[in-house]
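Structural overview for review
Single-letter residue listing:
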Amino acid sequence: MLDQGSSVTRENAQRVLRDNDRGGYTVPTARLYPYQWLWDSGFSALGWQTFNEPRAWEELRRLATGQWPDGMIPHIIFHKVDPNYSPGPGAWGTSHQPPTSGISQPPVLATHLRWMLECTCDQALAEKTARELYPVLVRAHRWWRAARDPERTGLVAIYHPWESGMDNSAMWDTPMANVPTDILDPYERRDTAYIAVDQRPQKSDYDRYMALVTRFKRAGWDPEVLWAETPFKVLDPTTNCVLHRADRDLLALSDQLGIENDRAEIEGWIARGRTAFSRLWSETQGCYVPLDMLTGEKIEIGTSGGMLGFYAGVADDAQAKRMVQALEEWGRAVRYLVPSTSPLDLRFEPRRYWRGPVWPNVNWMIGVGLAEYGFSDLARRVREDLRSLIQSSGFYEYWEPTTSEGLGGAHFSWTAATWLAWIDR
Ligand code: GLC
């Protein structure tokens, strides 16, 4: 099979992106995910840049077409309706053209834009596109602050597990248990037609995912009503770490592009964010953890998302050492880092989606952060473990962290992109 073992080459990784190209945007994988997803596309763009720069920029420009008037970049853009995916545009009931979902996803784009500008071989095109996209990103970051941190605490809330990008993580078990399913439009699942049920979220999870969508749709997606009424309101470490790094990269971009206007505002986000992260630190877990805003409780669990404190650059020396110690413990309990849930936790499920498997884009971010903090041995392990996983089974969506079995979708875009732009660079 094209994806497997010895056929993991640069050419085949490029082929995955080409096969998943739908004309200006890349689907995560055919059939299972037939639309444009925010953070997937952010990673795909980095992959495209290694062999087709104009196409890489186009990926980001297509994401910008989904931006709402209030600045939100939605997590899915339904460029061409595909009846094989549910929940499709009808279930979301939003009013944007092209049709979109009504929630967002980890805001990786400012960081990726900065990296693309650094790696470009076509400076003129890169600068022109960066100038076009910079204001789009400022509006998106402003939306996070206005809609999701109206009290200016420095940390933003998510309203749906899907916004974290880590859909069924055990992080969400407690807050999701409080989500009522009394308001729930009928829905149909399509994911389990393609992927074995033990690798996908359970029905009880899915009812709650759709109950949240139904509720938000009935509130007309009004940000103020959602802030006041959402039954799921969590400070997620992944979203906040990614946003914090992206704020810093946005500031760097404003310097590079010589755009002064928004500097003070961005500096304010960074300063408030940096101090607020202490609220999410868990010495027990050795990483950052979510905080449920509705109960005020921290959710004590070690996850790969909580290890993004390196990538965000918010961990002090003692916290960084504690995170390294925890990662090393995880690395003795499983063969391949970084499992999505601590393998020492009872909730760890090595085959089920975000409850245990290793995910390529997360390894990338953790690996970059570790290297920046000077933990080069561990950074190397995080990269080399992922290299071995991809080499042993191909461009899968995620892997079992001990047996190296490739799971979920095959021929996956962010895996190919991670190979091209990080592992094989
Ligand atoms: C799943 C993942 C999410 C990803 C999407 C498309 O929903 O949890 O992170 O963006 O699939 O690949």
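This structure is a prediction, so every number in the text was calculated from the model and none was measured. (Residues numbered from 1 in each chain as written. Predicted model: local features only at pLDDT ≥ 70, side-chain atom pairs only at ≥ 80, totals over all residues. Heavy atoms only, no water.)

At a minimum axis distance of 9 Å, the contact between helix H11 (residues 237-257) and helix H12 (residues 263-276) shows a crossing angle of 155 degrees. In terms of axis orientation, H11 runs roughly antiparallel to H12. For the crossing formed where H11 meets H12, the hand is left-handed. Seen from H11, the contacting residues are His244, Asp247, Arg248, Leu250, Leu251, Ser254 and Asp255; seen from H12, they are Arg263, Ile266, Glu267, Trp269, Ile270, Gly273 and Arg274. Each residue belonging to the contact of H11 with H12 can be placed in one class, and the counts come to five nonpolar, three polar and six charged. (Axes fitted to C-alpha atoms, helices over the stretch in contact; angles between N-to-C directions. Helix = DSSP H or I, 4+ residues; strand = E, 2+ residues; numbered from the N terminus. Parallel < 35°, antiparallel > 145°, perpendicular 65-115°, else oblique. Left-handed = near helix turned anticlockwise from the far one by under 90°. Contact = heavy atoms within 4.5 Å. Nonpolar A, V, L, I, M, F, W, Y, C, P; charged D, E, K, R; others polar.)

Omega for the bond connecting Ser86 with Pro87 falls within 30 degrees of zero, at 0 degrees, which places this linkage in the cis form. Following the sequence through the fold, Pro87 ends up in the loop between strand E2 (76-77) and helix H4 (89-92). Put simply, Gln97 and Pro98 share a cis peptide bond, and its omega is -5 degrees. Structurally, the position occupied by Pro98 is in the loop between H4 and helix H5 (109-119). Look at Arg152: it is not a glycine, yet its phi comes out positive at around 55 degrees. Phi angles above zero are rare outside glycine, and His411 is one such case at about 55 degrees. On the secondary structure map, His411 appears in the loop between strand E9 (406-407) and helix H17 (413-423).

All right, on to the layout of surface pockets then. Its boundaries defined by the atoms lining it, the largest pocket holds a volume of some 160 Å³. What lines the largest pocket is a set of 15 residues, among which Trp172, Asp173, Met176, Asp205 and Arg355 lie closest to the centre. Within the residue set of the lining of the largest pocket, elements represented by two or more residues are helix H7 (173-177) and helix H9 (203-218). No other element matches H9, which puts four residues into the lining of the largest pocket. Residue classes in the lining of the largest pocket are distributed as five nonpolar, four polar and six charged. (1 Å grid on protein atoms, 1.4 Å probe; cavity = no way out; pocket = protein on both sides within 12 Å on 5 of 7 lines; lining within 4 Å. Points joined across faces, edges and corners; volume = space filled by probe spheres on them.)

Moving on: the side chain of Ser164. Within the secondary structure, Ser164 is located in the loop between strand E3 (157-158) and H7. Of note is the side chain of Ser164, whose polar atom sits 2.6 Å from the backbone oxygen of Pro161. A distance of 3.5 Å separates polar atoms of two side chains, one belonging to Ser164 and the other to Trp172. Leaving out residues up to four positions away in the same chain, Ser164 has contacts with Trp39, Pro106, Ile158, Trp172, Asp236, Thr238 and Thr239. (Polar contact = N/O pair within 3.5 Å; in protein donor to acceptor, adjacent residues only side chain to side chain.)

With that out of the way, let us pick up the UniProt feature "domain: Mannosylglycerate hydrolase MGH1-like glycoside hydrolase" (unreviewed entry) in the protein. Within the UniProt annotation, "domain: Mannosylglycerate hydrolase MGH1-like glycoside hydrolase" (unreviewed entry) is assigned to residues 33-415. End-to-end, the C-alpha atoms of residues 33-415 are 14 Å apart, and along that stretch the chain is 49% helix and 5% strand. (UniProt positions renumbered as here; feature names shortened; annotations may be inferred.)

Let us look at the pattern of salt bridges. Tallied over the full model, the rule gives 36 salt bridges. As a salt-bridge pair, Lys217 and Asp185 come within 3.0 Å of each other at their nearest N and O atoms. Of the two residues, Lys217 is situated in helix H9 and Asp185 in the loop between H7 and helix H8 (191-194); the sequence distance between them amounts to 32 residues. (Salt bridge = Lys/Arg side-chain N within 4 Å of Asp/Glu carboxyl O.)

This part is about empty space enclosed by the protein. All told, the structure shown has five cavities of 30 Å³ or more when counted by the stated rule. What the largest cavity holds in volume is close to 310 Å³. Lining the largest cavity are 27 residues, with Tyr33, Trp37, Tyr85, Asp167 and Tyr353 sitting closest to its centre. Elements with a contribution of two residues or more to the lining of the largest cavity: helix H2 (38-49) and H8. Here the residues of the lining of the largest cavity sort into 16 nonpolar, five polar and six charged. Around the second largest cavity sit Leu38, Ile73, Ser104, Gln105, Pro107, Leu109, Ala110, Leu137, Ala140, His141, Trp143 and Trp144, which together line it. Secondary-structure elements contributing two or more residues to the lining of the second largest cavity are H5 and helix H6 (123-148). Considering each element in turn, the lining of the second largest cavity owes the most residues, five residues, to H6. Residue composition of the lining of the second largest cavity, grouped by class: nine nonpolar, three polar and no charged.

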